[in-house]
Structure formats: structure tokens, C-alpha cells
Amino acid sequence: MTTDPERTSEAARLEELWQGDFGRQYVERNRSAGGDRGPFWRGLAKRLSPHSVLEVGCNVGANLQHLDAIPEVEDLWGVDVNRESLAELHARLPQVSAGWAVARSLPFRDGWFDLVFTVAVLIHVPEDALPLAMGELVRCSRRHVLCVEYRADETVEVDYRGQHRAFFKRDYGTVLAGLFPELTLLEEGDVSKADGFDDGLGYWLFAKG
């Protein structure tokens, strides 16, 4: 999907924010995140049987660590804009393929992965760039797209650690379905601290085609 510079200047500002000290502080705060998410990912893998998986916004591997432990997942990838998080991910999970990329321009061929997903990443994408980022998720997926994001019935901007226009709660499932009618909603629900995530997160699982 092509990008319009006038539509993505705000996205570029936020990408730069996450590459700098603000992003490094996030890495520090979240080094131990995700330890209790195993049942969620094992259950998902049992239902979908993905062999190739991409996480967009992987940080240090809070989700990939669980997918890496599933034998059926043979080709596991993550991308992020923060190079410190990628270096730590390489050290933790050297068998996972990981590299630098922005959500609105992924360096993969169409339909390359069985499953493409985000966890609390689209919340940091500004309104104008959201169709670009979602379009890349859909383009790179062959079978399924999963979004785990903070939900709200309408778009709500949240001040985030002193940053403005950097955190948006939305009905991500409705937005994604409206942009890409070829998707079919398979599951929708909530996750919480009991599942190893934060409270207030919803998830939407779509089948492609």
C-alpha cells in the first residue's frame, strides 16, 4: 500500500518518539511483561494452526516467547521501530526472525504469513495513518488477522505519560471490518490481567478471504 506524506507526518512523529528515549523507557518498564499469556496463545494456536506468524510491534517478545514454544509455529517473525528492543529480543529468542519496520510499511510480500497480529500497537497510530497500518496487516496475511487493543465505542484520545496524540482507544474491529470487507470476524472478546494482559483490552480475530 502506498503512503501519502501529508497523511503520515504525524505517524512519523510518533515513530520517532518510540525510537528514542521514550521507547527505551517503555522497554525498561516491560521487560518482564507477558509471562502469563501462554494459555491465550496456546488456545489461539490450537484453533488456527498457524505455521507462519508475524507480530507487528513485538518489543522484547512478551507474546513471541509463547508462540515460539508451540511446535506447529515453524516460522516466527517480529518487527519493531525500537532497535534496543530488537537487540534484546535477538538475545532472548535468537531463533525468532526480527527486524526494524514501521507498521504502515511492512517489508514482506503479500500473503506471506498465516497470522499477522498486534498487541497494543494500533493504539499508538494516529487516525490518518490507521488505514495504512491496518492495510499492511491485511496485505501480509494469508489467513488470519488479530488485533488486541484498548477498546472504546468511539475514538478516545488518552494522554500517555506526558505525550499528547499518542494513545487512542477505538472500536478496532469495526474500523478494520469497514476498511476491508473481505475480512470475516471469527471471534471478539476481552482479555485482562487474569490472561496476562492489561485490563481494558479487547481482541478481534478475522479470517481473510
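Residues numbered from 1 in each chain as written. Predicted model: local features only at pLDDT ≥ 70, side-chain atom pairs only at ≥ 80, totals over all residues. Heavy atoms only, no water.

A look at the pairing of strand β5 (residues 141-150)
- Within β5, eight of the ten residues are buried, which leaves it mostly tucked inside the rest of the structure.
- Relative to β5, strand β4 (residues 113-119) is paired through six bridges, and the arrangement is parallel. When the bridges of β5 are listed, valine 119 appears paired with valine 148.
- Crossover β4 to β5 through helix α6 (residues 130-140) is right-handed.
- As paired strands, β5 and strand β9 (residues 201-208) are joined by seven bridges and run antiparallel to one another. When the bridges of β9 are listed, valine 145 appears paired with phenylalanine 206. (Buried < 20%, exposed > 50% of the residue type's maximum accessible area, 1.4 Å probe, protein only. Helix = DSSP H or I, 4+ residues; strand = E, 2+ residues; numbered from the N terminus. Pairing = 2+ DSSP bridges. Right-handed = clockwise from strand over helix to strand, strands pointing away.)

Observations concerning the packing of helix α2 (residues 21-29) against helix α5 (residues 83-92)
- For the pair α2 and α5, the least separation of the axes is 8 Å and the interaxial angle reads 35 degrees. Along its contact with α2, which presents Arg24, Val27 and Glu28, the element α5 presents Glu84, Ser85 and Glu88. (Axes fitted to C-alpha atoms, helices over the stretch in contact; angles between N-to-C directions. Contact = heavy atoms within 4.5 Å.)

Topic: the packing of α6 against helix α7 (residues 172-179)
- Put simply, α6 and α7 touch, their axes get as near as 11 Å, and they point 75 degrees apart. Taken together, the axes of α6 and α7 are roughly perpendicular relative to one another. Contact residues: α6 offers Leu130, Pro131, Met134 and Val138, while α7 offers Tyr172, Val175, Leu176 and Leu179.
- The class makeup of the residues in the contact of α6 with α7 is eight nonpolar, no polar and no charged. (Parallel < 35°, antiparallel > 145°, perpendicular 65-115°, else oblique. Nonpolar A, V, L, I, M, F, W, Y, C, P; charged D, E, K, R; others polar.)

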